[in-house]
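Structural overview
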Amino acid sequence: MSSRIVKTALDTWFAARGWKPFKFQREVWKAIADGRSGMLHATTGAGKTYAVWLGALQAFVRARKAAASTNARPVAEPLTVLWLTPMRALAADTLRALQQPLEALGAEVHPWSVGARSGDTTSAERSAQNQRLPTVLVTTPESLSLLLARVDAHEVLGHVRMAVVDEWHELLGNKRGVQVQLALARLKRWNPGLAIWGMSATLGNLHEAMHALLGHEEGVLVQGQVPKKLVIDSLLPGVAERFPWGGHLGLTMLPQVIEEIAASSTTLVFTNTRSQAEIWYQAMLEAKPEWAGLIALHHGSLDREVREWVELGLKSGELKAVVCTSSLDLGVDFLPVERVLQIGSPKGVARLLQRAGRSGHAPGRPSRITLVPTHSVEMVEGSAARVAIAAGHIEARHSPEQPLDVLVQHLVTVALGGGFVPDDLYEEVRGTAAYESLARENWQWCLEFVAQGGPSLAAYPDYKRVVPDAEGVWRVPDARLARRHRMNIGTIVSDASISVQYVGGSKIGSVEESFVARMKLGDCFLFGGRMLELVRIHDMTAWVRRASGKRAAVPRWGGGRMPLSNTLADAVVQQLAQAGEGRYDSPELQCVRPLLEIQQQWSALPTPQTLLAETLSTREGSHLFLYPFAGRHVHLGLASLLAWRVAQHEARTFSIAVNDYGFELLSATEVDWPALLPRVLTLPQGEGEDQRAALLHEVLASLNAGELAQRRFREIARVSGLIYQGYPGEKRSSKQLQASSSLFWEVFRKYDPGNRLLLQAEQELLAQELEIGRLRASLERIAMQRLVLKPLARPTPFSFPLMVELFREKLSNENVADRIARMVEQLEKAAGGAVTAGGVERVKGTLAFGQEGPGKPPKPVSQRRDRRRPPRPSRPLPPL
């Protein structure tokens, strides 16, 4: 078969489905035919998978024919293509998509096979793959690292001719992406002709993303401009609350959500947390019991069989709605999905686009996403997101720089996979974007760390993980340590989880151990849309039975509190400035207009050129409200920094509350904010590195940095292999893991203070939790803005949610509900409108569901002048 016949066969297959190749698809096919690597950026549902896969098939069949004509060894090796996906849910769907074109080529690709390998792969499948891997393997970064740790890794992976990284934007900004970079560098050393292609739909820094994927190799950037209608609207309440607050989950919108689902064929209802998904699913079932079996729940803690049942139901169109989390964010092709509802703010433009693409997931079909605000100000975010998307403003994502814990893990992996020579591997590692500036001294430190655990652990044989043999090749000498490493490969770090299973029945899923540890036998909780009663805990399993008629707790999982992105925050401020000029040009702004008018009447609205600050005196003390619109992580750092600076003038105690729009500082004694604020809202003296170092010192001094950094170190210790989670059936508890990491933390600080992992913990704390880069940029922007300081007679719509944050810390839920109801009534009367009884009841009722929300604010921070050590909070700050 000539290349022309191959092309004709694939064109015929395309035409049989009513498809016609897009220009960008043909560009990718040509680049692959020319042996180029690259990255494809196109809208969700535009046909990225077939752009790369059909190009690969055409190139491979031509090469196979050429090799056969010269009697050369057949080109197609047992494993020819690696297709990396960030989520297990994508593997089965990708598998089906890759399988279909093979049938069009028939004998030309015989006996090619396609298979998947991930955490969901059964032991029988794994056993068969260990004997012979398929020609095309769909896998995850963690499973690829496990393949690299095989003794025969070079033999198995050395003939891979193409590696495809799907949803590269999802991996790029975290350690999993670094893990991919290191794995690809290893594959390229074994096969310098390896073609690497990445696919992405939502990225703002394409060239940087392609460099992170390809390293120093030149690549082709293909952008697929496919006309696609995108509809972004908001489900607006009849009357917007003029004094909203965070913490309730928008369930007052439930009747309207039910109406929207009823009017559509199939709907995805996205939430930002698994707890929120559980609550909404249960509320929908209670509202429409006749929908039992027609609506479903999907999140990463549910059992594989449950998730697969939901995914098949979506594909077949049998399900009317699925309440889900980011577990369905990416790439899964559900053609019946007509629309998407987003509960609460998506927090970022890229996430909004990604979720919108789950509807109309095919070329030519419109995508529609409807935002369901959980409080009034989120309506402004809906309008802002639409404007940002129209302007092409999408968040950039950056690769982490030199995470040594990932490199240490990779060294042990490569040592298991045939061993390495240090100088050769150093050059290989420096070929990646993450480690291109890796210094020799840091490399040497990593080698010494895997050889003996550093100077403080040299006496313990468990930390002699990799040693050179007589020929200078570094290998793992101990089979027990090798087995331990393989069981703990990966960079995904979360609290220890335990299985949830019916007594005498099937497994339902898993919850975090810290949640179950707080429960007593007989307590009930909501999970998988079911009311469950805890019967016993044994062998890392929570045995349960069905329950009814009891009030249930809702499991909490980490990672649920995403900060507002810079891109969306800037767009929100632009919308507020527009409203300040009397322009309410969108349905969302029209709906929230009463709130914004009260805010402007009693105070002011922020603009890009101004920084709004408000002061208020109440029986609690002196309040300062500041609105930088920089996201909750930055606001925590800014609030602590300002409190610390004020305390340098006079010792004070402050309570802090933050949200995505601003923060509150509350002092029991009067503070002269007009005099102090201009002095504390500045960058440190100096320029360049001196200024950055001074700011870093102040931020660390203002927070309980030791406790926060120790928490980061706990994750680093797991990734680097200092502590391990145990073998199957003997997972160690989170308390054991915490105790182990704390012990290493104290040992290193006392006997090995120069340990690079301690420094990494501090750097990650600053970069990821406190976002020191955004914090500095915020201070720089504040220095250019005009300060607008407004003394208040009563709380404004913007300050009210911050005050509620502190009330929730001090009072029980019932007391909070009563107090909020009274405050809302008083504020509404002051605003010139009497609040209805229904409005007050709505606030009370929604609080009963407010188990997730933004969470509790930090405890009061006691600021003292003490030059011997940094000031510490009265208790550790809660997780961010």
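Quick look at the structure, then. (Residues numbered from 1 in each chain as written. Predicted model: local features only at pLDDT ≥ 70, side-chain atom pairs only at ≥ 80, totals over all residues. Heavy atoms only, no water.)

1. Considerations on the overall build of the protein chain
- Helices and strands together make up the secondary structure of the protein chain, namely 32 helices and 26 strands.
- Long-range pairs, those at least 24 residues apart, make up 74% of the contacts in the protein chain with a sequence separation of at least 6.
- For the protein chain, the exposed surface amounts to about 35,300 Å²; the carbon and sulfur share of it is 51%. (Helix = DSSP H or I, 4+ residues; strand = E, 2+ residues; numbered from the N terminus. Contact = heavy atoms within 4.5 Å. Areas by Shrake-Rupley, 256 points an atom, 1.4 Å probe, with all protein chains shown as cover.)

2. What about the nonpolar core?
- Within the largest apolar cluster, 82 residues are counted, with the highest numbers of intra-cluster contacts made by F420, Y435, W443, L665, L677, F713 and L722.
- Counting residues per element, this core draws most heavily on helix 16 (residues 404-416), which supplies nine residues.
- In this structure, F713 is in contact with L722, S741, F744, W745, F748, L757, L758 and A761, ignoring residues within four places of it in sequence.
- Counting residues in hydrophobic clusters, the runner-up holds 64 residues, among them V349, Y584, L605 and L612. (Core = buried A, V, L, I, M, F, W, Y, C linked by side-chain atoms within 4.5 Å. Buried < 20%, exposed > 50% of the residue type's maximum accessible area, 1.4 Å probe, protein only.)

3. Things to note about empty space enclosed by the protein
- One pass over the structure, following the stated rule, counts five cavities of 30 Å³ or more.
- Of the pockets and cavities examined, the second largest cavity occupies roughly 170 Å³.
- Around the second largest cavity sit 18 residues that line it, and R465, L481, R484, H485 and G721 are the ones nearest its centre.
- Among the secondary structure elements, those contributing two or more residues to the lining of the second largest cavity are helix 16, helix 19 (479-487) and helix 26 (705-720).
- Grouping the amino acids of the lining of the second largest cavity by side-chain chemistry returns nine nonpolar, five polar and four charged. (1 Å grid on protein atoms, 1.4 Å probe; cavity = no way out; pocket = protein on both sides within 12 Å on 5 of 7 lines; lining within 4 Å. Points joined across faces, edges and corners; volume = space filled by probe spheres on them. Nonpolar A, V, L, I, M, F, W, Y, C, P; charged D, E, K, R; others polar.)

4. Re the sheet that holds strand 9 (residues 267-270)
- Ordered in space as 8-13-12-9-11-10, the six strands form an open sheet in which the pairing is parallel. Unpaired on one side and paired on the other, strand 8 (230-234) and strand 10 (295-298) mark the two borders of the sheet. For this sheet, the mean angle separating the axes of adjacent strands, direction not counted, is 20 degrees.
- Both strand 9 and strand 12 (residues 339-343) contribute to a ladder of four bridges, which runs parallel. In the strand pairing of strand 12, L268 is matched with V340.
- Contacting strand 9, strand 11 (321-324), strand 12 and strand 13 (367-372), helix 11 (residues 254-262) runs over the sheet at an angle of about 165 degrees to strand 12.
- Sheet contacts for helix 12 (residues 274-287): strand 10, strand 11 and strand 12; angle to strand 10, the most-contacted strand, approximately 170 degrees. (Pairing = 2+ DSSP bridges. Axes fitted to C-alpha atoms, helices over the stretch in contact; angles between N-to-C directions.)

5. Considering helix 15 (residues 378-390)
- Between the first and last C-alpha of helix 15 there are 19 Å, a value that for 13 residues agrees with the 18 Å anticipated at 1.5 Å per step.
- Counting buried residues along helix 15, 10 of its 13 residues qualify, which places the element largely inside the surrounding structure.
- What helix 15 keeps buried is the set E378, M379, V380, E381, G382, S383, A384, A385, A388 and I389.
- Taken together, the buried residues of helix 15 touch strand 8, helix 14 (349-356), strand 13, helix 21 (566-580) and helix 22 (587-602).
- Just beyond helix 15, the residue with positive phi is G392, at close to 75 degrees. (Expected span 1.5 Å × (residues − 1).)

6. Some points on the pattern of salt bridges
- Tallying each qualifying case throughout the model produces 31 salt bridges.
- Between E764 and R712 there is a salt bridge, and its shortest N-O distance comes to 3.0 Å. Highlighted residues: E764 in helix 28 (residues 756-769) and R712 in helix 26, separated in sequence by 52 residues.
- Judged by relative accessible area, R712 falls into the buried class, the value being 9%.
- Of the charged contacts in the structure, one is a salt bridge between K829 and E825, with a shortest N-O distance of 3.8 Å. Of this pair, K829 and E825 both sit in helix 31 (residues 813-830), four residues apart, which is roughly one turn of the helix. (Salt bridge = Lys/Arg side-chain N within 4 Å of Asp/Glu carboxyl O.)

7. Brief notes about the sheet that holds strand 6 (residues 195-200)
- If you trace the seven strands from one edge of the open sheet to the other, you get 3-4-2-5-6-1-7, paired in parallel fashion. This sheet does not close on itself; its edge strands, each paired only once, are strand 3 (114-117) and strand 7 (220-224). Adjacent strand axes in the sheet meet at a mean angle of 15 degrees, parallel and antiparallel pairs treated alike.
- Bridging between strand 2 (residues 81-84) and strand 5 (residues 162-165) involves four bridges; their strand directions are parallel. Paired with L82 across the two strands is A163, which belongs to strand 5.
- Sitting on the sheet, helix 2 (residues 23-33) touches strand 1 (38-42), strand 5, strand 6 and strand 7, and the angle it makes with strand 7 is about 160 degrees.

8. Side note on the pairing of strand 3
- The two faces of strand 3 match: V114 and A116 on one face and G115 and R117 on the other face are all buried.
- Pairing analysis gives four bridges linking strand 3 to strand 4 (residues 136-139), with the strands arranged parallel. Following the sheet pairing, A116 is matched in strand 4 by V138.
- Once the chain exits strand 3 it traverses helix 5 (residues 123-131) before rejoining the sheet at strand 4, and the crossover so formed is right-handed. (Right-handed = clockwise from strand over helix to strand, strands pointing away.)

9. A few points about unusual backbone geometry
- Here the phi dihedral of K347 falls at roughly 70 degrees; this positive angle occurs in a residue that is not glycine.
- With respect to the helices and strands, K347 occurs in the loop between strand 12 and helix 14.
- Residues other than glycine seldom take positive phi values, yet F629 does so here, at roughly 55 degrees.
- For F629, the position within the fold is in the loop between strand 22 (621-627) and helix 23 (632-649).

10. Brief notes about the packing of helix 25 (residues 688-702) against helix 29 (residues 772-784)
- Where helix 25 contacts helix 29, the two axes come as close as 11 Å, and the packing angle between them is 110 degrees. Comparing the axis directions of helix 25 and helix 29 gives the class roughly perpendicular. Seen from helix 25, the contacting residues are G688, Q691, R692, L695 and V699; seen from helix 29, they are I772, L775, R776 and L779. (Parallel < 35°, antiparallel > 145°, perpendicular 65-115°, else oblique.)

11. Let's talk about helix 16
- Compared with the 18 Å implied by 1.5 Å per residue over 13 residues, the 19 Å span of helix 16 between its first and last C-alpha is a close match.
- A large share of helix 16 lies buried, amounting to 13 of its 13 residues.
- Trailing helix 16 by a residue or two, G418 shows a phi angle of about 110 degrees, which is positive.

12. Examining the packing of helix 14 against helix 15
- In the contact formed by helix 14 and helix 15, the axes pass within 10 Å of each other and the chain directions differ by 85 degrees. Judged by the angle between their axes, helix 14 and helix 15 are roughly perpendicular. Only A385, A388 and I389 of helix 15 make contact with helix 14, whose side of the interface consists of V349, L352 and L353.
- Split into classes, the residues belonging to the contact of helix 14 with helix 15 amount to six nonpolar, no polar and no charged.

13. Remarks on the environment of K23
- Take K23: it is sitting in helix 2.
- Owing to a relative accessible area of 68%, K23 belongs among the exposed residues under this scheme.
- Spatially, the C-alpha atom of K23 lies 9.9 Å from that of A51, the residues being 28 residues apart in sequence.

14. Some words on the side chain of Q575
- With respect to the secondary-structure elements, Q575 resides in helix 21.
- Excluding anything up to four places from it in sequence, Q575 contacts V380, S383, A384, V387, S586 and L589.

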